[in-house]
Amino acid sequence: MIRGHHIDSMIRFTIKNFWKFLLVLVAFNFLQVLITSSAILSAVPIFDLILHPDLEGVSAVTNQVIIYFKKWNIPITLTIFMVVFGGLTIVRNVVSLFIHYCTLSLSNKVMVRLQSHALNNFFYANWSFFSETGKGTLFNTFTAIMPGIGGSIQNLAALYSSALQFLTFLIIPFSVSWEMSSIAILCGLVASTPITLINKLSYKMGIKNTQLGNDHVASLEELLGGTKIILGYGQVKLFVNHYLQKYKAWQTSTLHRSVVNTGVGMLYEPLALISLMIAIFLALRWNYAVSEIAIVFFSLKHALDHFKTILNNKNALAGLRGNYIQYQRLVQKAQTFKQKTGSLSFSSFQESIVFQNLSFFYPNTETGVKELSVTIPKGQTIALVGRSGAGKSTMIDLLIGFYEPSQGAVLVDGTPLHDFDIASYRQKLGYVAQDPVLLNRSIKDNLLWVKEGATDQELLDACQKANVIEFMDRLEKGIDTIIGDRGVRLSGGQCQRVALARALVVQPQLLILDEATSALDTESERFIQNSIEELAKSTTIVVIAHRLSTIAKADYIYVLDEGQVIEEGTYEQLQKQSSRFSKMLQMQNL
């Protein structure tokens, strides 16, 4: 039931989006069939002229061709017939090449459309979709699953083309001898019955291969993503062996699929030839002309070859259904987690952002935040502190709009956050994480992707405010220096300053700093802290910090524990109280 549903969906998708392309393919396939049929018929007079040079006792087909040639005053010679046969064969091959080109083009167009459709669904889903979907599954979907679906379009095109040619090639032998043709086709169909059962095996193998592909790519992503720490712990052998184990399992599964797919045609071919031999044996017993037997054999051989192609492609499609199933499930999952967004365009807020009695819990857990009431006045610096797991990062995720509250709301000047167009809201935020993501491009390109139209002066201003200038001017190519994957050619503090500059390029209404200095040395932290203190004079800032010395100048502090606000006040107020915050200060010798 699932298999039929998914393959039908794939066909409907292709027809709906590429029906013009498909019409061209059908037209040229039909043309190819006509040319091939004409080429086969043109071979009949060649046989007759070789066997009967005097044209006595030739077949009915040859007699009809002779009548036609005489009508147009064309010489009746072996050379002429061979030229006709050769010319038709060349034209057929040219048409076949064009069909192959069109099929590959269609496959590529389908892949582009699939990728576009997937990306537009994935990136309009909320964060739950990404947190619940493994990276390996997503990488494998783009690198292997979608190309597999593109390949299945070629299988579909070949299947329907072969079906059309199979039926057309039956016309010639049935018009010559329906008895001989019927026996050959009946034997061929009987021979194909056990082969069709292999489709079920191919489907199961395809599902398994898809899952093993997900695991293999996930293992590769872990291996390459954790290179530094793997080398640092001297555990290269462990991780390489783990990856190779996953890779070998996937390759073994791929090999088995390939053998089964190839074996279908190889198994059917001798059975088809036996069917033809039986038909020829009976034709000789019934005293058919040699030329008629030859043309029936040639036509039926073509027909049965196309039938073999039908079986091969049907079996290949059964194995590729797992690809389309995974693709559809991911798209449907993304649609289920669709990001809630409103229609109001966001440009700025005037008074405050408020967490109003807000609660949120992650699916199937009790982890989250509950009954939060937090106010972020415009122009102030608000600090969130607490031990790990207290709910600070969850608050940031809710503030950015990654998740929707289970209860209560995030209000921006009294308007629920999700009444705004979420993209326009986020474009006015600046976000700096503890582990900034930098692209393997120049410093300039890393700044520009958040605001493509930024001027050189805007980039320079952002670099000055974030203290990037201090080290950038010493680089050989300055702002055009390539910084490597995730900024590997810069120090940790320099990466953090580039990330801060990137956040400032958008001139944010709200700057969010998620433990932006926790992993830095004292000097780098000082640079970042100076930048933040300067920015605080003109920007609303929300900062998460474990080093409490970095929030001494915050306007207001919220202390969280187990998803709730347990204390709040200024640094001085909390410092003087016998509170959780004061104990945290003592632990840090402050």
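Up top is the structure these notes are about.
Attention here is on the structure that accompanies the text. Note that the structure is a prediction, hence the values are computed from the model and not measured.

**Some points on the pattern of salt bridges**
Right, on to step 1. On inspection of all chains with the given rule, the structure shows seven salt bridges.
Right, on to step 2. Arginine 474 is the salt-bridge partner of glutamate 470, the closest N and O atoms lying 3.0 Å from each other.
Right, on to step 3. Given the relative accessible area of 31%, glutamate 470 is considered partly exposed.
Right, on to step 4. For arginine 474, a relative accessible area of 58% corresponds to the exposed category.
Right, on to step 5. Here glutamate 470 and arginine 497 are joined by a salt bridge, their closest N and O atoms 2.9 Å apart. Of this pair, glutamate 470 sits in helix H15 (residues 469-472) while arginine 497 is found in helix H16 (residues 492-505), placing the two residues 27 residues apart along the sequence.

**Focus: a nonpolar patch on the surface**
Right, on to step 1. Together, Phe47, Ile50, Leu51, Leu78 and Met82 give the surface a local cluster of nonpolar side chains, amounting to about 460 Å² of exposed area.
Right, on to step 2. Mapped by element, the contributors of at least two residues to the nonpolar patch are helix H1 (2-51) and helix H3 (78-122).
Right, on to step 3. Among the structural elements, phenylalanine 47 can be located in helix H1.

**What about the packing of aromatic side chains?**
Right, on to step 1. Under the defined criterion, the tally for this structure stands at 19 aromatic pairs.
Right, on to step 2. In this structure, lysine 378 is placed above the aromatic ring of phenylalanine 349, and the distance from its NZ or CZ to the ring centre is 4.9 Å.

**As for the layout of surface pockets**
Right, on to step 1. Of the pockets and cavities examined, the largest pocket occupies roughly 2,300 Å³.
Right, on to step 2. As for the largest pocket, its lining consists of 50 residues, of which Phe123, Trp127, Phe402, Val437 and Trp449 are closest to the centre.
Right, on to step 3. When residues of the lining of the largest pocket are traced back to their parent elements, those giving at least two are H3, helix H4 (127-132), helix H5 (135-176), helix H7 (198-225), helix H11 (392-400), helix H12 (422-426), strand E6 (429-432) and H16.
Right, on to step 4. Of the residues contributing to the lining of the largest pocket, the split by class is 30 nonpolar, eight polar and 12 charged.

**Side note on the side chain of serine 582**
Right, on to step 1. Considering the arrangement of structural elements, one finds serine 582 in helix H19 (residues 580-587).
Right, on to step 2. Classification of serine 582 as buried rests on a relative accessible area of 7%.
Right, on to step 3. If we ignore the near neighbours within four places in the chain, the residues touching serine 582 are Leu574, Gln575 and Gln577.

**Remarks on the sheet that holds strand E3 (residues 381-385)**
Right, on to step 1. Spatial ordering of the open sheet is given by E6-E7-E8-E3-E9-E10, a layout of six strands whose pairing is mixed. Unpaired on one side and paired on the other, E6 and strand E10 (564-569) mark the two borders of the sheet. With direction set aside, neighbouring strand axes in the sheet form an average angle of 15°.
Right, on to step 2. Sheet strands in contact with H16 are E6 and strand E7 (510-514), and its direction is about 170° off that of E6.

Cut-off values and rules
Residues numbered from 1 in each chain as written. Predicted model: local features only at pLDDT ≥ 70, side-chain atom pairs only at ≥ 80, totals over all residues. Heavy atoms only, no water. Salt bridge = Lys/Arg side-chain N within 4 Å of Asp/Glu carboxyl O. Buried < 20%, exposed > 50% of the residue type's maximum accessible area, 1.4 Å probe, protein only. Helix = DSSP H or I, 4+ residues; strand = E, 2+ residues; numbered from the N terminus. Patch = residues over 30% accessible without salt bridge, like charges linked within 9 Å, V, L, I, M, F, W, Y side chains within 5 Å. Areas by Shrake-Rupley, 256 points an atom, 1.4 Å probe, with all protein chains shown as cover. Phe/Tyr/Trp six-rings, centres within 6.5 Å; stacked < 30°, edge-to-face > 60°. Lys NZ or Arg CZ within 6 Å of the ring centre and 35° of its normal. 1 Å grid on protein atoms, 1.4 Å probe; cavity = no way out; pocket = protein on both sides within 12 Å on 5 of 7 lines; lining within 4 Å. Points joined across faces, edges and corners; volume = space filled by probe spheres on them. Nonpolar A, V, L, I, M, F, W, Y, C, P; charged D, E, K, R; others polar. Contact = heavy atoms within 4.5 Å. Pairing = 2+ DSSP bridges. Axes fitted to C-alpha atoms, helices over the stretch in contact; angles between N-to-C directions.

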